[in-house]
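Structural description and commentary
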Amino acid sequence: ARGAMVAMLELADCQTVGMASTSAKKTVCGHGRAKKEHVADMITRHLGLSAHPYEDAADALSLAYAYAQKMQHGFGIERTRRSSGKRAGFEALAKRRGVSI
């Protein structure tokens, strides 16, 4: 699913960034080996939510929160490199599938 999402974002000329889950967990929980339940607890607290988000939503929110924290404090984020060869491959695939880009 991640690969398909990145491919579609690249086709749409959207810039993507990469962040390891351990980095997000460290930012949200204080250590990179936190369990999903701990991440959900901490993201609920950090964002002042009234209830725990669903598991996938907690994961997504933790990545967004960690990215925002790193950007706010000036830490580098690994940007995904764009490759014209990769883009050409995505365009060819889209054309074969009848998708307009």
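1. Quick notes on the packing of helix 2 (residues 21–29) against helix 4 (residues 55–72)
Contact pair helix 2 / helix 4: the axes reach a minimum separation of 9 Å and the direction vectors enclose 75°. As summarised for this structure, helix 2 and helix 4 are arranged roughly perpendicular, according to the angle between their axes. Contact residues: Ser 23, Ala 24, Thr 27 and Val 28 in helix 2; Ser 62, Leu 63, Tyr 65, Ala 66, Gln 69 and Lys 70 in helix 4. Within the contact of helix 2 with helix 4, the residues separate by chemical class into five nonpolar, four polar and one charged.

2. Regarding the packing of helix 2 against helix 3 (residues 36–47)
Contact pair helix 2 / helix 3: the axes reach a minimum separation of 9 Å and the direction vectors enclose 50°. Relative to helix 3, the element helix 2 lies oblique. Seen from above, helix 2 lies across helix 3 with left-handed handedness. Between helix 2 and helix 3, the residues in contact are Lys 25, Val 28 and Cys 29 and His 38, Val 39, Met 42, Ile 43 and His 46, respectively. Here the residues of the contact of helix 2 with helix 3 are counted per class, giving five nonpolar, two polar and one charged.

3. Some points on the environment of Ile 43
Within the secondary structure, Ile 43 sits in helix 3. Owing to a relative accessible area of 0%, Ile 43 belongs among the buried residues under this scheme. For the pair Ile 43 and Ser 62, spaced 19 residues apart in sequence, the C-alpha separation works out to 6.2 Å. Setting aside residues up to four positions removed in sequence, Ile 43 forms contacts with Val 28, Leu 49, Pro 53, Ala 58, Leu 61, Ser 62 and Tyr 65.

4. Overview of unusual backbone geometry
Only a minority of non-glycine residues have a phi that is not negative, and only a minority of peptide bonds are not trans. Unlike most non-glycine residues, Asp 13 shows phi in positive territory, near 60°. In this fold, Asp 13 is placed in the loop between helix 1 (2–11) and strand 1 (17–18).

The rules behind the values
- Residues numbered from 1 in each chain as written.
- Predicted model: local features only at pLDDT ≥ 70, side-chain atom pairs only at ≥ 80, totals over all residues.
- Heavy atoms only, no water.
- Axes fitted to C-alpha atoms, helices over the stretch in contact; angles between N-to-C directions.
- Helix = DSSP H or I, 4+ residues; strand = E, 2+ residues; numbered from the N terminus.
- Parallel < 35°, antiparallel > 145°, perpendicular 65-115°, else oblique.
- Contact = heavy atoms within 4.5 Å.
- Nonpolar A, V, L, I, M, F, W, Y, C, P; charged D, E, K, R; others polar.
- Left-handed = near helix turned anticlockwise from the far one by under 90°.
- Buried < 20%, exposed > 50% of the residue type's maximum accessible area, 1.4 Å probe, protein only.

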